[in-house]
Amino acid sequence: MTTPSPNAGALAGIKVLDLSRVLAGPWCTQILADLGADVVKVERPGVGDDTRQWGPPFLKDAEGNDTNQASYYTACNRNKRSVTIDMASPEGQALIKQMALEADIVVENFKVGGLKQYGLDQTSLRALNPRLIYCSVTGFGQDGPYAERAGYDLMVQAMTGLMSITGQADNLPGGGPMRVGVAVIDLFTGLYASNAILAALHVRDNATNGTGQGQHIDMALLDVGMAVLANQASGFLATGKAPGRMGNNHPSLAPYQDFPTQDGNMLLAIGNDGQFQRFCAAANQPQWANDPRYATNTLRVQNRAELIPAMEAVTRTRTTADWITLLEDKAVPCGPINTIAQAFDDAQVQARGLAVTLPRWKDGEAASDNVQQITGVASPLRLSATPPVLRNAPPALGQHTDEVLREMGLDPARIAALRASGVL
């Protein structure tokens, strides 16, 4: 058996046509790109993906000045090639269809039926290429009463009840529903979509009983939002009682939250009785471990109103660093509550190489927007034989248009004519 080259990536040889924009679809295709797939992203001429304008903050040029390119775009478009094509034009549609003929995967996040007018919907493209795996990402799915509605992460966080369990309780300062600090529904949808695509690839290509056929994948933010309610959903379905907001407390564990310290705050994540007993011994509070009210996790949850204030009085007597030093060798989960700047400064984050700077050059010259390099977060996927390869920084708008069209067999004169007519 031939061993893949470690520089090729697990998905080397897989071609992805990325018609998606903003976050959920691009997050999916970036995962595939990091794993070695050749992802060609089609963007609107002169404008590009919406997130190129979602600033501030903006990327800096070689002189350190703000460009008009938002950093948001760079979070989810690494390792891709950017091509500008006007899909509203017949010539543009023909180019995209030609690309789909050679592709293994298409990912799009237009409204339901939005690509049919261009002949780029899943029925049309899969008729041309039956091996095509076509993933549609929408707010509410391909059917049901909301199918034609536009869907956004914040809207789905609200609709699924996620905001009802995020934030402080109504009777506390700052109480009220709260969105999560990043677009978690979009991100989870991208993760689920990439998993579904890999499953469809296996069904198509596996050596034992592969079908040789692609399929349509229907990904909905609403479905994902309900799925990632996880234990909160299962708790409701088991009891019929909707959970509420508890701030940083955990509905099923105690003590499992933030605690004040002498110089700020720390996080204690005590998940079992042994951890609680070891904390009590380290904190010189053996009476808590011996108190029948706190003997088990269930009892601690039931009696948290008495336990937590008593613990807070003790945690205020040491600094955060002192608590971490005290507890880290006693198998009691404890850590700082960092800012993002502090997180990137953390020794373990640095040891894992989680901030990666990639140059953005083409043929030895800076990209058209004069952004020479882009720093992003490394892929968290760690495969021993075929690890992700961070080949290219997120591209400038249309940076690879000529390159990709030449690969498709178009000569320079034809490319120039398409550009002059506004197709590119």
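Residues numbered from 1 in each chain as written. Predicted model: local features only at pLDDT ≥ 70, side-chain atom pairs only at ≥ 80, totals over all residues. Heavy atoms only, no water.

### Digging into the overall build of the protein
Check the secondary structure of the protein and you find 16 helices and 15 strands. Taken along its principal axes, the extent of the C-alpha atoms in the protein is 85 × 50 × 50 Å. Expressed as a percentage of the 424 residues in the protein, the buried residues total 44%. The long-range fraction of contacts in the protein, counting pairs at least 24 apart against all pairs at least 6 apart in sequence, stands at 66%. Summing over all exposed atoms, the protein offers an accessible surface of approximately 20900 Å²; the carbon and sulfur share of this is 54%. Across the protein, the 34 positively charged side chains and the 41 negatively charged ones have centroids separated by 3 Å. (Helix = DSSP H or I, 4+ residues; strand = E, 2+ residues; numbered from the N terminus. Buried < 20%, exposed > 50% of the residue type's maximum accessible area, 1.4 Å probe, protein only. Contact = heavy atoms within 4.5 Å. Areas by Shrake-Rupley, 256 points an atom, 1.4 Å probe, with all protein chains shown as cover. Lys, Arg positive; Asp, Glu negative; His and termini not counted. Charge placed at Lys NZ, Arg CZ, Asp CG, Glu CD.)

### Quick notes on the layout of surface pockets
Put simply, the largest pocket is a space of about 1200 Å³. Around the largest pocket, the lining comprises 37 residues; the ones closest to its centre are Trp-27, Thr-74, Ala-75, Gly-376 and Val-377. When residues of the lining of the largest pocket are traced back to their parent elements, those giving at least two are helix 1 (24-34), strand 3 (58-60), helix 5 (184-205), helix 13 (340-345), strand 12 (355-359) and strand 15 (373-377). No other element matches strand 15, which puts five residues into the lining of the largest pocket. Each residue belonging to the lining of the largest pocket can be placed in one class, and the counts come to 27 nonpolar, seven polar and three charged. (1 Å grid on protein atoms, 1.4 Å probe; cavity = no way out; pocket = protein on both sides within 12 Å on 5 of 7 lines; lining within 4 Å. Points joined across faces, edges and corners; volume = space filled by probe spheres on them. Nonpolar A, V, L, I, M, F, W, Y, C, P; charged D, E, K, R; others polar.)

### As for the sheet that holds strand 7 (residues 133-138)
Working definition: the strands of a sheet are paired by backbone hydrogen bonds and lie parallel or antiparallel to each other. With parallel pairing, six strands are arranged side by side in an open sheet as 5-2-1-6-7-8. Strands at the two margins of the open sheet, each flanked by one partner only, are strand 5 (80-84) and strand 8 (216-220). Going across the sheet, the axis of each strand differs from the next one's by a mean of 20 degrees, ignoring polarity. The pairing of strand 1 (residues 15-19) with strand 6 (residues 105-108) spans four bridges and is parallel. Looking at the pairing, Asp-18 lines up with Val-107 of strand 6. (Pairing = 2+ DSSP bridges. Axes fitted to C-alpha atoms, helices over the stretch in contact; angles between N-to-C directions.)

### Things to note about the sheet that holds strand 9 (residues 256-261)
One open sheet accounts for three strands, arranged 9-10-11; its pairing is antiparallel. On the outer flanks of this sheet lie strand 9 and strand 11 (334-336), each paired with one strand and no other. Here the strands of the sheet are splayed against their neighbours by 30 degrees on average, with no regard to which way each runs. Bridging between strand 9 and strand 10 (residues 264-269) involves six bridges; their strand directions are antiparallel. Following the sheet pairing, Gln-257 is matched in strand 10 by Leu-268. Helix-sheet contacts for helix 12 (residues 320-327) involve strand 9, strand 10 and strand 11, and the interaxial angle to strand 11 is about 150 degrees.

### Digging into the pairing of strand 10
Along any regular strand the residues' side chains alternate between the sheet's two faces. Linkage of strand 9 to strand 10, two consecutive antiparallel strands, is achieved through a turn of two residues. As paired strands, strand 10 and strand 11 are joined by three bridges and run antiparallel to one another. When the sheet's bridge partners are listed, Leu-267 is paired in strand 11 with Gly-335.

### Side note on the packing of helix 1 against helix 5
Where helix 1 meets helix 5, the closest approach of the two axes is 7 Å, and the angle between their N-to-C directions is 45 degrees. Overall, the two elements helix 1 and helix 5 adopt an arrangement that is oblique. Crossing hand, helix 1 versus helix 5: right-handed. Contact with helix 1, carried on its side by Ala-24, Trp-27, Cys-28, Ile-31 and Leu-32, involves Asp-186, Leu-187, Thr-189, Gly-190, Leu-191, Ala-193, Ser-194, Ile-197 and Leu-198 of helix 5 and no other residues of that element. Per-class residue counts for the contact of helix 1 with helix 5 are 10 nonpolar, three polar and one charged. (Parallel < 35°, antiparallel > 145°, perpendicular 65-115°, else oblique. Left-handed = near helix turned anticlockwise from the far one by under 90°.)

### Some points on the nonpolar core
Counting 31 residues, the largest nonpolar core has Leu-32, Ile-105, Cys-135 and Ile-197 as the members making the most contacts within it. Breaking this core down by element, the ones donating at least two residues are helix 1, strand 6, strand 7, helix 5, strand 8 and helix 6 (221-227). By residue number, the principal contributor to this core is helix 5, which donates six residues. Ignoring sequence-local partners within four residues, the contact set of Ile-197 consists of Cys-28, Leu-32, Ile-105, Val-107, Ile-133, Cys-135 and Ile-217. Counting 28 residues, the second largest nonpolar core, distinct from the first, contains Leu-17, Val-42, Leu-405 and Met-408. (Core = buried A, V, L, I, M, F, W, Y, C linked by side-chain atoms within 4.5 Å.)

### Some points on the pattern of salt bridges
Taken as a whole and assessed by the stated rule, the structure comprises 18 salt bridges. The residue Lys-80 makes a salt bridge to Asp-18 at a minimum N-O spacing of 3.2 Å. Remark: Asp-18 occurs in strand 1 and Lys-80 occurs in strand 5; sequence separation between them is 62 residues. Like Lys-80, the residue Asp-18 is buried in the burial classification. Asp-34 is the salt-bridge partner of Arg-78, the closest N and O atoms lying 2.6 Å from each other. You can see Arg-78 sitting in the loop between strand 4 (66-70) and strand 5 and its partner Asp-34 sitting in helix 1, a full 44 residues away along the chain. For the pair Arg-78 and Asp-34, one class covers both residues: buried. (Salt bridge = Lys/Arg side-chain N within 4 Å of Asp/Glu carboxyl O.)

### Digging into the packing of aromatic side chains
This structure, assessed with the given rule, holds three aromatic pairs. With centroids separated by 5.7 Å and ring planes inclined at 80 degrees, the aromatic side chains of Phe-140 and Tyr-146 adopt a geometry described as edge-to-face. A relative accessible area of 33% places Tyr-146 in the partly exposed class. Relative to Trp-323, the ring of Phe-279 lies with its centre 5.9 Å away and its plane at 25 degrees, an arrangement referred to as stacked. Separated by 44 residues along the polypeptide, Phe-279 in helix 8 (residues 273-282) and Trp-323 in helix 12 bring together distant segments of the chain. For Phe-279, a relative accessible area of 0% translates into the label buried. The residue whose ring lies beneath Arg-21 is Phe-110, and the NZ or CZ to ring-centre distance is 3.9 Å. A cation sits over an aromatic face here: Arg-318 above Trp-323, 5.0 Å from the ring centre. (Phe/Tyr/Trp six-rings, centres within 6.5 Å; stacked < 30°, edge-to-face > 60°. Lys NZ or Arg CZ within 6 Å of the ring centre and 35° of its normal.)

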